[in-house]
Amino acid sequence: MNLSSTAGRTAATVALALTGLVAATTPAASATTAAPSAALAAPDIPLANVKAHLTQLQSIATSNGGNRAHGRPGYKASVDYLKAKLDAAGFTTSVTTFTSGGATGYNLVADWPGGDPNQVLMAGAHLDSVASGPGINDNGSGSAAVLETALAVSRAQLKPAKHLRFGWWGAEELGLVGSKAYVNSLPATERSKFSGYLNFDMIGSPNPGYFVYDDDPVIEKTFKDYYAGLGVPTEIETEGDGRSDHANFKNVGIPVGGLFTGASRTKTSAQAQKWGGTAGTAFDRCYHSSCDTTANINDTALDRNSDAIAHAVWTLGTGPTTPPGDVYENTADVAVPDNGTAVTSSVTVPGRTGNAPATLRVGVDIKHTWRGDLVVDLVAPDGTAYRLKNSSSSDSADNVITTYTVDASGEPANGTWKLRAQDIAAQDTGYIDSWKLTF
């Protein structure tokens, strides 16, 4: 995982009365959507198999200067090892190249035959280590678990509803370079076919926590439901938010989610009480170090997370696909003034009968340099506002590119719907790029 720091932001604390945007009187957008009910049950992923892949990655690093870093022979040997396994299992594999730091990098992508080509579910992990160590937890753990899940798909001769794709990225440790090259290579028509991207970066930390990405609500619920079934509490992942490969997918509007067991942050007493382990110690004391070897893995965490990956792939990949629905869209840019009044963008819905659906999908694309400043609402034709997003002083990431689900069943479908956005703090700029309603 790349945990490079972001620039700090200096600003006075601002208390604002949000005229017309009072959350207490605003119905909230649904935070979750039920996972497909007809999905097949996932198999158990054998821990021994995942650990065998880690042993091979350790051996590759040992034979190649102690690491598997971008531009070093250990990385390409890691790609070759995975590709041979996937080719033998019946996947269609491709290795694409990119350049970073004057060295050639490699991405490995594997497609399983079948499934709806217009609905692609992808799981991925970065395969490179830092130069200072073999990178067995970071990120041999995610790479090995995704590999073994793919091999389980082959063993089951799975016939998924969605097209399944798996990916392993190079040069993540240099700034998410490989996955960015992959996403940038996809035409807009191909990006639009993704139903989700699942990311797994450090899932076997020796003093583990159980963290779930809080990006796409359907993917998040899929993982949370799995862990609830085990009786294992989870927390929202914040340590590496936006600093692993899922960020490149999210930035172009692809729904994302994933799992994480912690890096250099210290486990609190409360976390040790619910998860076990040692309070006051880092989740991974060997993060980005030479001691990130096969001895730096917690077997229980690796086992649980490997099974969770399979659960997500089977649940999201084999359930019934979602019909596209009727789309009403506005692509005209609307500037959002810095620390200013709310602005709106309108979509007119004509010719429908009855009310809007209970699962009205609101696709939002707002470009902004500090999305935590933004408050976003959907405004129905009668003026009723549905809160999509509250402001958050701790959310320093760029852009709001996601799809919300709103229970608008009490609203007539026809009329003029509005997306309303307001920037409530100074120093950042943005605009509504586009938005759409899907009935």
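Residues numbered from 1 in each chain as written. Predicted model: local features only at pLDDT ≥ 70, side-chain atom pairs only at ≥ 80, totals over all residues. Heavy atoms only, no water.

The protein is annotated in an unreviewed UniProt entry as P/Homo B domain-containing protein from Streptomyces enissocaesilis.

**Overview of the sheet that holds strand β8 (residues 256-260)**
Read from one edge of the open sheet, eight strands run β1-β2-β4-β3-β5-β8-β6-β7, paired in mixed fashion. Whereas interior strands pair on both sides, the edge strands pair on one side only; in this sheet they are β1 (92-100) and β7 (235-236). Here strand β3 (residues 116-126) runs beside strand β4 (residues 162-169); their pairing, made up of eight bridges, is parallel. Each bridged residue has a counterpart across the sheet, and for A123 the counterpart in β4 is F166. In the packing of helix α3 (residues 136-156) onto the sheet, the strands contacted are β3, β4 and β5 (194-200), and the crossing angle to β3 comes to about 145 degrees. (Pairing = 2+ DSSP bridges. Helix = DSSP H or I, 4+ residues; strand = E, 2+ residues; numbered from the N terminus. Contact = heavy atoms within 4.5 Å. Axes fitted to C-alpha atoms, helices over the stretch in contact; angles between N-to-C directions.)

**Thoughts on the confidence of the model for the protein**
Across the protein, the average pLDDT comes to 90, with 91% of residues at 70 or higher. In this model, residues 5-37 is a region of pLDDT below 50 whose contacts with residues beyond four sequence positions or in other chains number 51 contacts. (pLDDT = per-residue confidence, 0-100.)

**Side note on the state of the cysteines**
Counting across every chain of the model gives one disulfide. Note that C286 is cross-linked by a disulfide to C291, the S-S spacing being 2.1 Å. Of note, the bridge from C286 to C291 carries an S-S torsion of about -115 degrees and is left-handed in sense. According to the relative accessible area criterion, C291 is partly exposed, its value standing at 32%. (Disulfide = S-S within 2.5 Å. Buried < 20%, exposed > 50% of the residue type's maximum accessible area, 1.4 Å probe, protein only.)

**A few points about the packing of α3 against helix α9 (residues 299-318)**
The geometry of α3 relative to α9 is characterised by a closest axis approach of 9 Å and an angle of 50 degrees between their N-to-C directions. Taken together, the axes of α3 and α9 lie oblique to each other. Viewed along their axes, α3 and α9 form a crossing whose handedness is right-handed. Where α3 abuts α9, its residues S141, A145, V146, T149, A152, V153 and A156 lie against L302, S306, I309, A310, V313 and W314. Among the residues making up the contact of α3 with α9, the classes are represented as ten nonpolar, three polar and no charged. (Parallel < 35°, antiparallel > 145°, perpendicular 65-115°, else oblique. Left-handed = near helix turned anticlockwise from the far one by under 90°. Nonpolar A, V, L, I, M, F, W, Y, C, P; charged D, E, K, R; others polar.)

**Description of the packing of aromatic side chains**
This model, assessed by the stated rule, comprises 17 aromatic pairs. With 5.0 Å between their ring centres and 40 degrees between their planes, W169 and Y182 make a pair best called tilted. Linking W169 in strand β4 with Y182 in helix α4 (residues 177-185), this pair joins segments that are 13 residues apart in sequence. The residues W169 and Y182 share a single accessibility class, namely buried. Within the aromatic cluster, the residues linked to one another by ring pairs are Y210, F211, Y226, Y227, F260, W275 and F283. The residue whose ring lies beneath K76 is Y106, and the NZ or CZ to ring-centre distance is 5.4 Å. A cation over an aromatic ring shows up here: K274 above the ring of W275, its NZ or CZ 4.9 Å from the ring centre. (Phe/Tyr/Trp six-rings, centres within 6.5 Å; stacked < 30°, edge-to-face > 60°. Lys NZ or Arg CZ within 6 Å of the ring centre and 35° of its normal.)

**Re the sheet that holds strand β16 (residues 415-423)**
Spatially, the four strands line up as an open sheet ordered β11-β16-β13-β14, and their pairing is antiparallel. Taken across any chain shown, the strands that pair with only one partner, and hence form the sheet edges, are β11 (343-349) and β14 (385-389). Across this sheet, the average inter-strand angle for adjacent strands is 20 degrees, counted without regard to direction. Examined bridge by bridge, strand β13 (residues 374-379) and β14 share four bridges and lie antiparallel to one another.

**Let's talk about the side chain of S143**
The topology assignment puts S143 in helix α3. According to the relative accessible area criterion, S143 is buried, its value standing at 1%. If we skip the residues at most four places from it in the chain, S143 touches A125, H126, L127 and W168.

**With respect to helix α1 (residues 47-62)**
Taking 1.5 Å as the rise per residue, α1 with 16 residues should run 22 Å; its terminal C-alpha atoms sit 22 Å apart, in good agreement. Those residues of α1 that sit buried are V50, H53, L54, L57, Q58, I60 and A61. Here the buried residues of α1 occupy an arc of 160 degrees about the axis, which is enough to place them on one side. Those residues of α1 that are exposed and angled more than 90 degrees off the buried face are A48 and T62. Here the buried face of α1 lies against α2 (73-88), α3 and α9. (Expected span 1.5 Å × (residues − 1). Arc of directions from axis to C-beta.)

**Side note on the nonpolar core**
F166, W168, L198 and F200 are the most contacted members of the largest nonpolar core, which totals 62 residues. Once residues within four sequence positions are removed from consideration, L198 is found in contact with L121, M122, A123, G124, I219, G257, A312, V313 and L316. Judged by nonpolar contacts, the second largest core, of 28 residues, contains V349, I432, W435 and L437. (Core = buried A, V, L, I, M, F, W, Y, C linked by side-chain atoms within 4.5 Å.)

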